[in-house]
Amino acid sequence: MMQVLVVAALAAGTYAFRFAGPAFRSRIQVPERVSRMLSAAAAVLLIALAATAALTQGHGFAGWARLAGVAVAGLLAVRRAPLPAVVVAAAVTTALLRLGGVS
Amino acid sequence: MRSFWRTLDRGTLRDIALVCLADAVVGASFGAITVSGGLPAWIPVGMSLLVFAGGAQFAAIGVLLAGGSAAAAILAGLVLNTRLLPYGFAAGDVVDGPWWARLIGAHVLTDETVAFALRQPDHRRRRAAFCVCGLLLFVTWNLAVAAGAAAGRLIGNTSAIGLDAVFPAVMLALVLPALADRGLRNAALAGAVVAVAVTPVLPSGLPVLVALAGLVLVEPKGRLKALRRRAEGTAQ
């Protein structure tokens, strides 16, 4: 039930964000400041998600293997590697470390 | 539709195909992570069809898998998708035609389709790039998520193949270009430090929302500048 709610609310809200522009752009404009704040909020949220997901599991530390995988991925992303390479590097690094006994 | 294909040059079509391929890898990981985390397969599949926004899907599922509440999951996803609002105002002219075409077109407004549309020199080609990219991306993304969800059930222990590192890696890769702005970088780093610091004590899902407090580091500068500009304006 709760899961249905999450999918439905996220879908409805997202569609509203998408449809507002094409529907109202001839009549109103989003102020520059609002649009800048929105993109800032998204960036802050993305980094917070990345940091908590990389470092924590439940209420504790997630372990070195995952952290190392994310670090390698981050390095590749800084060097503008394509997204699939970033994804594969993260998984492979973490998997290899776990195979070697690092948790 | 066929005229759309001929409107676009081969380089653009190739780039669109490459982006679809990249998103397929991400989509497959999304499906696998969600199902192996213990959620039923209809969630990643239904979410991909109805929400169709990778970052928000990962964010909402990430909160759910960490044991967060429905409200926290919805909020995390929606905050990420607020960027679609300015996209729609900036590139909304590519979503036109009869009312049903506009309803469908709005649904495929994403980072990728808007980026491809804005790279085209005229309205006809902008619209063609948007439609072709939107259609291909919708099909490949959903097929990939379904395939990933099916595979996730087979794999079982996705930690062994390192899939738990994929979600933070994707988030990091998505946000890096935006961090070129110094004010934004400070805000994001401060927010991240706070979020990690409060994770041991706050209920799951809340720490990332607390990170939004980091936004105060972006705002004052802009507000000061605006005030100064207004002061200068009145002085003249």
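Rules used in this analysis
- Residues numbered from 1 in each chain as written.
- Chains lettered and ligands numbered in written order.
- Predicted model: local features only at pLDDT ≥ 70, side-chain atom pairs only at ≥ 80, totals over all residues.
- Helix = DSSP H or I, 4+ residues; strand = E, 2+ residues; numbered from the N terminus.
- Buried ≥ 20, exposed ≤ 12 C-beta atoms within 10 Å, placed from the backbone.
- Contact = placed C-beta atoms within 7 Å.
- Domains from an automatic or database assignment.
- Nonpolar A, V, L, I, M, F, W, Y, C, P; charged D, E, K, R; others polar.
- Axes fitted to C-alpha atoms, helices over the stretch in contact; angles between N-to-C directions.
- Core = buried A, V, L, I, M, F, W, Y, C linked by C-beta atoms within 7 Å.
- pLDDT = per-residue confidence, 0-100.

### With respect to the overall build of chain B
In terms of helices and strands, chain B carries 13 helices and zero strands. Walking chain B from its N terminus toward its C terminus, one meets helices and strands in the order α-α-α-α-α-α-α-α-α-α-α-α-α. If one aligns the C-alpha atoms of chain B with their principal axes, the spans along those axes are about 60 × 50 × 30 Å. By the burial criterion, 48% of the 236 residues in chain B qualify as buried. Looking at chain B alone, contacts between residues at least 24 apart form 67% of all its contacts between residues at least 6 apart.

### Considering the domain arrangement of chain B
Residues and elements named next belong to chain B. Partitioning chain B into domains gives domain 1 (2-179) and domain 2 (181-236). Between domain 1 and domain 2, the C-alpha centre-to-centre distance is 27 Å. On the side of domain 2, nine residues touch domain 1, which itself brings eleven residues to the contact. With four residues, the top contributor of residues to the side of domain 1 that touches domain 2 is helix α5 (residues 70-81).

### Some remarks on the interface of chain B and chain A
The interface is formed by 75 residues belonging to chain B together with 62 residues belonging to chain A. For the side of chain B that touches chain A, the element with the most residues is helix α10 (residues 166-175) of chain B, which contributes ten residues. Taken together, the residues of the side of chain B that touches chain A break down into 57 nonpolar, 15 polar and three charged.

### Some points on the packing of helix α4 (residues 83-99) of chain A against helix α2 (residues 10-36) of chain B
Put simply, α4 of chain A and α2 of chain B touch, their axes get as near as 8 Å, and they point 35° apart. On α2 of chain B, the residues touching Leu83, Pro84 and Val87 of chain A of α4 of chain A are Ala22, Val25, Val26 and Ser29 of chain B. Of the residues assigned to the contact of α4 of chain A with α2 of chain B, the class counts are six nonpolar, one polar and no charged.

### Topic: the environment of Leu184 of chain B
Positionally, Leu184 of chain B belongs in helix α11 (residues 182-198). Looking at Leu184 of chain B, the number of C-beta atoms within 10 Å reads 22, which means it is buried. Among all residues touching Leu184 of chain B, those that are not within four sequence positions of it are Ala40 and Ala43 of chain A together with Ala178, Leu179 and Val218 of chain B.

### Focus on the environment of Ala81 of chain A
Residues and elements named next belong to chain A. By the element assignment, Ala81 lies in the loop between α3 (64-78) and α4. Overall, Ala81 belongs to the partly exposed group, with 15 C-beta atoms counted inside 10 Å. Beyond its immediate chain neighbours, meaning those up to four positions away, Ala81 contacts Leu76 and Val86.

### Here's the deal with the nonpolar core
If you look at the biggest cluster of nonpolar residues, it comprises 105 residues, and the most contacted ones within it are Leu45 and Leu46 of chain A together with Ala60, Ala76, Ala169 and Met171 of chain B. Here the element with the most residues in this core is helix α2 (residues 32-55) of chain A; it accounts for 14 residues. For this core, the domains that each give at least three residues are domain 1 (2-179) and domain 2 (181-236) of chain B.

### Remarks on unusual backbone geometry
Positive phi, close to 60°, is recorded for Arg80 of chain A, a residue that is not glycine. Residue position: Arg80 of chain A is located in the loop between α3 and α4. Notably, Phe52 of chain B is not glycine yet its phi reads approximately 50°, a positive angle. Relative to the assigned elements, Phe52 of chain B resides in the loop between α3 (42-50) and α4 (54-65).

### Things to note about the confidence of the model for chain B
All names here are of chain B. Predicted confidence across chain B gives a mean pLDDT of 86, with 91% of residues reaching 70 or more. Looking over chain B, one finds the lowest element-wise mean pLDDT in helix α13 (residues 219-235), namely 54, and the highest in α3, namely 97. Scored by ipTM, the complex comes to 0.85, with pTM at 0.78.

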